[in-house]
Each structure stands twice: as C-alpha cells, then as structure tokens.
Amino acid sequence: MSLNSTPNAERIHIGIFGKRNAGKSSLINAITGQDLAVVSEVSGTTTDPVSKAMELLPLGPVLLIDTPGLDDTGELGEKRVHRSLQILNKTDIALLVVDARDGLSAEDHTILTRIRQKQIPCIIVENKQDLLKTEEQTSQQNTEKAATTGEKNSDKKISEIEGVPAIRVSAATGYHIRELKELIASIYKAPEEKFRIVGDLLSPSDLAVLVVPIDKAAPKGRLILPQQQTIRDILEADATAVVCKEYELRETLESLKRKPKIVITDSQVFAKVSADTPKGILLTSFSILMARYKGSLADAVKGVTALDTLKDGDRVLIGEGCTHHRQCDDIGSVKIPRWIRDYTGVDPEFVYTSGVEFPEDLSPYHMIVHCGGCTLNEREMKYRTACAKDAGIPMTNYGILIAYMQGILKRSVEAFPSIAMLLDRTGK
C-alpha cells in the first residue's frame, strides 16, 4: 500500500443494503461510473460483502460495501443475511435500496429498525425509477426537458419515508445519481476531533524512533499498516522518524546527537526494547497507539487485569480485524496463547475470530484479547468495545497484554497521563 493512499479504515464506510434484485450492485456501478459489481437478473448474485475504495465527491475517500440480499433463503442464505447485518457495525452511512415499484418490505423495515438503533445516517434509495408507470415516466421526461431547456420543474428529488430521507433514482439510466451523491455528502456528520496516532505528542524537530522487526512473519517488500500510518503522522507533525530493527536499537540511540522524544516498538519485542531504552525517553507500542487512536485505550487497560483471574478451561477470545495467512509462529494464534499459559500457569481454551466476524454472544468468554484494529474503522472498534462492556466481558489488546505480562505496562502508557493515572488508582 502506498503511503499516499488512504487506508480503508480511514475511509467513510457506505453500506448498501436491500433485498435481492433491488439493484444494489447496479447502484454501485452507477455511483462509481464503472462496472465494478456483477449485475444479473438472477436473484442473489452478490453472495458475500464486496468492498470498493474510491473518491466520492463532494464527500472524499469512501469505501462502498455491497451486501447480499436481506431476503436470502435457506441455511446458506441465512448466513449471508447475517454477514450483511454484521456490516452495519462498521457502516458510517447506510443506503437502503428498494424497488421503487414495491416500496418497503418486511426485511427493509427490519434493517431500518437496526439502522436507527445504531444511529447510522441513512438514505432510502428507490431504485428502478425507469420501470415505473406512465405518470412517473412523464415526470422523468419533464425533468429531462427542464435540464435541456432551462425550465423550472416541480419534480421533487428528495422526500421522506418514515422520517428517513428518500430519493428516487434509476441505476440503469443515471437518473438522480448525481443528486444521490450530493445527498450522501449532506447527511454525513464528521465525528468530533479525535486523537492523532502520535503527532500530538511531538513538537517540530522531535525525534521518534520506530522499532520494526523484520522476521519471517513480516510482509515482503513493505511495512505493515500501523507502521506506515505512524510514520506519516510523525512527518505531518514536522518531526523526524528513525526506523531500526530491535537488535539495532541500542546502537541507534547511541549514534543520535539528540535524545529522541519517544520510542515506538512492535509489541512482540517489548521486553528487549524496554531494556535498551533509557529512562527519560517515552516508550510505547504501535498496538497501544492504535488502541488510543480508535478510542479504546482506557477500556483495554482496565480489561487486561482479567488475566489474573484466568482459570483452567476458561475461554479467551482472540480477535483480529484483518484476515491473513497465519505463519507457524503467528502472534495471535501461537505466541499470545503461549505467553498467556506461561504467565498464568493455567490452560485456558482459546477461540479465534478474524475480519468482520465477531460473536454476538460474548457471555461464554472470560476475556477478549484484540489486535490493534488498524484495518477496522473507528465505528467498528467502538462497537466491539461496547459489546464487550455491555456483556461485562473484559477486553484488552495485544500490546497492552504483552506489556502487562512483562511488567512494563505503566511505562508503556506514561505518554498518556490520564491512562497512567488510571493505573495509579488501581495500583497496577
């Protein structure tokens, strides 16, 4: 991934929902102006959520997510519907696509209720306007005539259905597609100013040292997303990023003419990096920075103490936001379970999820250990944190767990005074 491209997690997620053959895929093609989604008269062409990153003016970088039909049937169909509903958890704007000839169905009403419960901005898109009866076709002709002659017309582009903004379009002819894009931009409310990854901790000309192990688990020819994003944020703060491997850190620090403000490390080498970083230099990990960036750091710090009450047979959920080929010494499925067993002296049961999969029922678990969530948007991470909190299940993340087990958690959050004070109050 280029340092110049916007990561999907930082894009506005637009989820497109509706029954089979409502024209969801056709609508994506019309919005993008490209044949990106497979279109067919056969119901159920889209069998899994499909994402497309693009620039949608006047909104900016977005991720369009096409979902399977809400009325899919059978055992496999039910699983597809479930996956569609899971997409709501990371949706910033929902488009509910209905056939303009049919109106809202029972399935449409069901998902509209969920959209409202999750407080997601929504637009009802009445598609297939070109197939409506004569009076609607006449209205379209009047609109087209007005566009060519400059006449004023009374065709109302935007209306409301059950209090939700609605617009009638035709993905086939392009009717009102431009107006739909403008409506999408108008209903989106940008979130309140959030933390930067690390830039707010730095002043111009500060040095930040990044410790990046290059082992068999590292991707070939590139840095992983948190490392890319952190470097970019350091540069935007007019500070300087120095990158080295873990066994080069001591020599790197000695060679610098100025003391760095902070050392940021991959969590897997936390212990060595802590030993090689002199006191007086802030120390943290990419995973901890991502927890702060996604708004879950305080909850993750509180949740890690559940490790001390773990017993044989307790279930621990290991959650990852991305899907990747697991290496023989994978951190999530191999290293963390091994380190937990070594630290606690007990033998818990580990359950693994990745990608969009996240259990709706968390009650069977003693605790949740989640990755930094770099590939998940803020809404998705907040949803998962809220689910854990509602279920009363402690949730932490990789970096915090590793720092806690190695006795360096307090040092690793010194850069964040409110979190350090939280640890002081708990005595941890």
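Cut-offs used in this document
Residues numbered from 1 in each chain as written. Predicted model: local features only at pLDDT ≥ 70, side-chain atom pairs only at ≥ 80, totals over all residues. Heavy atoms only, no water. Helix = DSSP H or I, 4+ residues; strand = E, 2+ residues; numbered from the N terminus. Buried < 20%, exposed > 50% of the residue type's maximum accessible area, 1.4 Å probe, protein only. Areas by Shrake-Rupley, 256 points an atom, 1.4 Å probe, with all protein chains shown as cover. Core = buried A, V, L, I, M, F, W, Y, C linked by side-chain atoms within 4.5 Å. Contact = heavy atoms within 4.5 Å. Salt bridge = Lys/Arg side-chain N within 4 Å of Asp/Glu carboxyl O. Pairing = 2+ DSSP bridges. Axes fitted to C-alpha atoms, helices over the stretch in contact; angles between N-to-C directions. pLDDT = per-residue confidence, 0-100. Expected span 1.5 Å × (residues − 1). Arc of directions from axis to C-beta. Polar contact = N/O pair within 3.5 Å; in protein donor to acceptor, adjacent residues only side chain to side chain.

## Here we look at the overall build of the protein chain
Logical step 1: Per the secondary structure count, the protein chain includes 15 helices and 15 strands.
Logical step 2: When each of the 428 residues of the protein chain is scored for burial, the buried share is 53%.
Logical step 3: On the protein chain, roughly 20,100 Å² of surface is accessible, and the fraction owed to carbon and sulfur atoms is 50%.

## Concerning the nonpolar core
Logical step 1: The biggest cluster of nonpolar side chains holds 66 residues, and the ones touching the most others in it are Val198, Val263, Leu401 and Phe416.
Logical step 2: If you tally residues by element for this core, the top one is helix H13 (residues 398-405), at seven residues.
Logical step 3: Non-local contacts of Phe416, meaning those with residues more than four positions away in its chain, are made with Leu201, Thr284, Ile288, Leu289, Arg292 and Leu297.
Logical step 4: Among the nonpolar cores identified, the runner-up in size contains 25 residues, and Ile16, Val62, Ile177 and Tyr188 belong to it.

## Remarks on the pattern of salt bridges
Logical step 1: Under the counting rule described, the total for this entry stands at 18 salt bridges.
Logical step 2: A salt bridge links Asp200 to Arg292, with the nearest nitrogen and oxygen atoms 2.4 Å apart. Of this pair, Asp200 sits in the loop between helix H5 (177-187) and strand E8 (207-211) while Arg292 sits in helix H9 (residues 286-293), placing them 92 residues apart in sequence.
Logical step 3: Residue classification places Arg292 among the buried residues on the basis of a relative accessible area of 7%.
Logical step 4: A single salt-bridge network, built from bridges that share partners, covers Asp99, Arg101 and Lys128.

## A closer look at the sheet that holds E8
Logical step 1: A sheet is described by the order of its strands in space; here four strands give the open sequence E9-E8-E10-E11, paired in parallel fashion. In the strand order of this sheet, the two ends are held by strand E9 (240-244) and strand E11 (282-285), each with one partner. Averaged over all adjacent pairs, the angle separating strand axes in this sheet is 20 degrees, with direction ignored.
Logical step 2: Relative to E11, strand E10 (residues 262-265) is paired through four bridges, and the arrangement is parallel. By the bridge assignment for E11, Val263 is matched with Leu283.
Logical step 3: Of the strands in this sheet, E8, E10 and E11 touch H9, which is tilted by about 80 degrees from E11.

## Points about the confidence of the model for the protein chain
Logical step 1: Confidence along the protein chain averages 85 in pLDDT terms, with 85% of residues attaining 70 or more.
Logical step 2: Segment residues 37-47: pLDDT under 50, and 22 contacts once partners within four positions in sequence are set aside and those in other chains are kept.
Logical step 3: Here residues 149-154 is modelled with pLDDT under 50, and outside its nearest four sequence neighbours on either side it reaches five contacts, counting other chains as well.

## Some remarks on helix H3 (residues 106-117)
Logical step 1: With 12 residues, H3 ought to run about 16 Å at 1.5 Å a step, and its terminal C-alpha atoms sit 17 Å apart, in line with that.
Logical step 2: Buried within H3 are the following residues: Asp108, Ile111, Leu112 and Ile115. Each buried residue of H3 sits inside an arc of 110 degrees when the element is viewed along its axis, so together they form one side. For H3, the exposed residues lying more than 90 degrees away from the buried face are Ala106 and Gln117.
Logical step 3: Those residues of H3 hidden inside the fold are in contact with strand E1 (12-18), helix H2 (74-87), strand E4 (93-99), strand E5 (122-127) and strand E7 (164-168).
Logical step 4: Among the residues trailing H3, Gln119 stands out with phi positive, at a value near 55 degrees.

## Remarks on unusual backbone geometry
Logical step 1: Its identity is not glycine, yet Asn21 carries a phi of approximately 65 degrees, on the positive side.
Logical step 2: As for its placement among the helices and strands, Asn21 is situated in the loop between E1 and helix H1 (24-32).
Logical step 3: Although it is not a glycine, Gln119 adopts a positive phi angle of roughly 55 degrees.
Logical step 4: Checked against the element boundaries, Gln119 lands in the loop between H3 and E5.

## A short note on the sheet that holds strand E12 (residues 315-320)
In sheet architecture, strand pairing relies on hydrogen bonds along the backbone and comes in two forms, parallel and antiparallel.
Logical step 1: Spatially, the four strands line up as an open sheet ordered E13-E12-E14-E15, and their pairing is parallel. Two strands bound the open sheet, and with one partner strand each, they are strand E13 (349-354) and strand E15 (395-397). Direction aside, the axes of adjacent strands within the sheet are offset by 25 degrees on average.
Logical step 2: Note that E12 and E13 share six bridges and pair parallel. Paired with Val316 across the strands is Phe350, a residue of E13.

## Thoughts on H13
Logical step 1: Most of H13 is tucked away: eight of the eight residues are buried.
Logical step 2: Listing the buried residues of H13 in full gives Tyr398, Gly399, Ile400, Leu401, Ile402, Ala403, Tyr404 and Met405.
Logical step 3: For H13, the N-terminal capping position is held by Asn397, with its side-chain oxygen 3.3 Å away from the main-chain nitrogen of Gly399.
Logical step 4: Gly407 sits one or two positions beyond H13 and adopts a positive phi of about 75 degrees.

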